[in-house]
Amino acid sequence: MRLSKRSTGATMLAASFVLAATGCSTKAPESSGGGGGAAAGDVATDIGVEGETITLGVLTDLTGVFAALGNDITNANQLFWEDNQVCDTYDVELEVQDTGYVPQQGVQLYSGMKDNVLAMQQTIGSPINTALAPEYEADQIVNFPSAWSKTLTEIPGTGVVGATYDVEIANGYDYLFREGLLAEGDTVGHIYFEGEYGANGLAGTEAVAAANGLEVIPAQIKATDQDMSAQITQFKAAGVDLIALTVAPGQTASVATVAAAQGLDVPILGSNPVFAPGLLQGPAAEWLKTHLYVASPVSAFDAHPELLEQYEAAYPDAAVSLGVVVGFGMSELMKQVLDQACENGDLTREGVLNAFTELEEVDTGGLVVPIRGFELGQSPSLQSFILQPADVPGGATVLEEAFEGEFAEQIAG
């Protein structure tokens, strides 16, 4: 599926997933690179550039466990590129494929698109990015994943859009300690997905626990597990003081519902993809609004109402989610990379990869936390926002602006 105009972009489902986010105009910030245009004939090109059109790949999830996230981010990618060019010269089209959050499906779909795309605007999910790592490296592909696992920072050309999960959840712990919601020596029950996403979130919990004498009760689950009754029953029996989550919104809803029913009145801390605004229409809504704290790479719509207005105008039937801003943020990052490559006179894959490695202290106009650069094996950012569910557009409000917690630098390595 190739998207290039409003008529096609608008047909995609902008759904209810929220990654807490910050907004700005769909126009790239004035601070971004690529001020002057460059004639197409003056720039070296190879794969994915035809005339004055660049094609970027999108391997997203439109039908699996993170379908709502995939729809939101892809809509946002599309809306951004309708209003922006590379070096004021090249239009950008997206070739979109649905992986269903199945790694092998992602590998097969990439094989079918790899000869048509210059770079990957989006690849959703740590498992799929990991499965594609050998091919991405061999093909010199620049890729912005919709995932924040630390293992992804070890793939050349892959730019995690914010702090990795271990750093992110550590910043969440820092906030809870400062607010008196957690204390040294407390017990934490951590429910996490098997695979890179969950493992990296648990690593953050364990690092903070080691520094602060916390007792950790880990509970690994599969992405297909929906009922969290057994885990919450175990946590209540152990007397946990906090529930930590590195899961999807469906599991978060179950955790809140069961905890409320069992009277386990403790805070819940989540890594950024744990919440969707649609959860506020369910039975756990009031519990989530007073118990859930989300560490996030992006802020909320209240600080950037113009983005909300633009998105609602483009997708009037959408249930607006803050996850769209991750799409704008990664699109702006890609624009800065491509603008630099164009200015360097080299829009080949190798030239784009070289431009990617040159990025330092990246400003996206407030779309995502400050990016210090994309160094192999390092968290691209040390900062996170803290959000809480609320009855506002996008479903969350900011409790703490972007900050670097006391554990972030040590965990980042």
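Residues numbered from 1 in each chain as written. Predicted model: local features only at pLDDT ≥ 70, side-chain atom pairs only at ≥ 80, totals over all residues. Heavy atoms only, no water.

**Student:** Help me get a handle on the overall build of the protein, residues and values and all.
**Tutor:** Across its full length, the protein carries 13 helices and 17 strands. A total of 413 residues make up the protein; the buried ones form 62% of that total. Across the protein, contacts joining residues at least 24 apart in sequence account for 75% of those joining residues at least 6 apart. Accessible surface, the protein as shown: approximately 14000 Å² in total, 47% of it carbon and sulfur. (Helix = DSSP H or I, 4+ residues; strand = E, 2+ residues; numbered from the N terminus. Buried < 20%, exposed > 50% of the residue type's maximum accessible area, 1.4 Å probe, protein only. Contact = heavy atoms within 4.5 Å. Areas by Shrake-Rupley, 256 points an atom, 1.4 Å probe, with all protein chains shown as cover.)

**Student:** Would you mind going over the sheet that holds strand 10 (residues 242–246) in detail, with residue names and values included?
**Tutor:** The strand order 9-8-10-11-12-16-17 describes an open sheet built from seven strands, whose pairing is mixed. Since the sheet does not close on itself, it has two edges, and those belong to strand 9 (215–221) and strand 17 (396–403), each with one partner. Neighbour-to-neighbour, the strand axes of the sheet open up by a mean angle of 20°, direction not taken into account. Two elements, strand 10 and strand 11 (residues 268–270), share three bridges in a ladder whose sense is parallel. Looking across to strand 11, one finds that Ala244 is bridged to Leu269. Against the sheet, helix 5 (residues 165–178) touches strand 8 (187–193), strand 10, strand 11, strand 12 (292–296), strand 16 (384–389) and strand 17, its axis set at about 100° to strand 17. On top of the sheet, helix 8 (residues 249–262) reaches strand 8, strand 9, strand 10, strand 11 and strand 12; it is set at about 165° to strand 10, its chief contact. (Pairing = 2+ DSSP bridges. Axes fitted to C-alpha atoms, helices over the stretch in contact; angles between N-to-C directions.)

**Student:** Now, about the nonpolar core: what can you tell me, with residues and values included?
**Tutor:** Within the largest apolar cluster, 114 residues are counted, with the highest numbers of intra-cluster contacts made by Phe144, Ile191, Ile232, Ile243 and Leu347. Among the elements that take part in this core, helix 11 (residues 324–343) stands out by supplying eleven residues, more than any other. When neighbours within four sequence positions are excluded, Ile243 is seen to be in contact with Gly189, Ile232, Phe235, Val255, Leu264, Val266, Pro267, Ile268 and Leu269. Formed by 25 residues, the second largest nonpolar core is a distinct cluster that contains Val167, Leu242, Ala295 and Ile386. (Core = buried A, V, L, I, M, F, W, Y, C linked by side-chain atoms within 4.5 Å.)

**Student:** Break down the pattern of salt bridges for me, citing the residues and quoting the values.
**Tutor:** On inspection of all chains with the given rule, the structure shows eight salt bridges. Between Lys114 and Glu135 there is a salt bridge whose closest N-O contact spans 3.8 Å. With Lys114 in the loop between helix 3 (103–113) and strand 6 (119–124) and Glu135 in helix 4 (residues 126–138), this residue pair connects regions lying 21 residues apart in the sequence. The salt bridge involving Asp339 is made with Lys335; its shortest N-O contact spans 2.9 Å. Placement of both Asp339 and Lys335 in helix 11 is noted, with a separation of four residues, approximately one turn of the helix. By the burial criterion, Asp339 is buried, and Lys335 matches it. If you follow the salt bridges from partner to partner, you end up with Lys114, Glu135 and Asp139 in one network. (Salt bridge = Lys/Arg side-chain N within 4 Å of Asp/Glu carboxyl O.)

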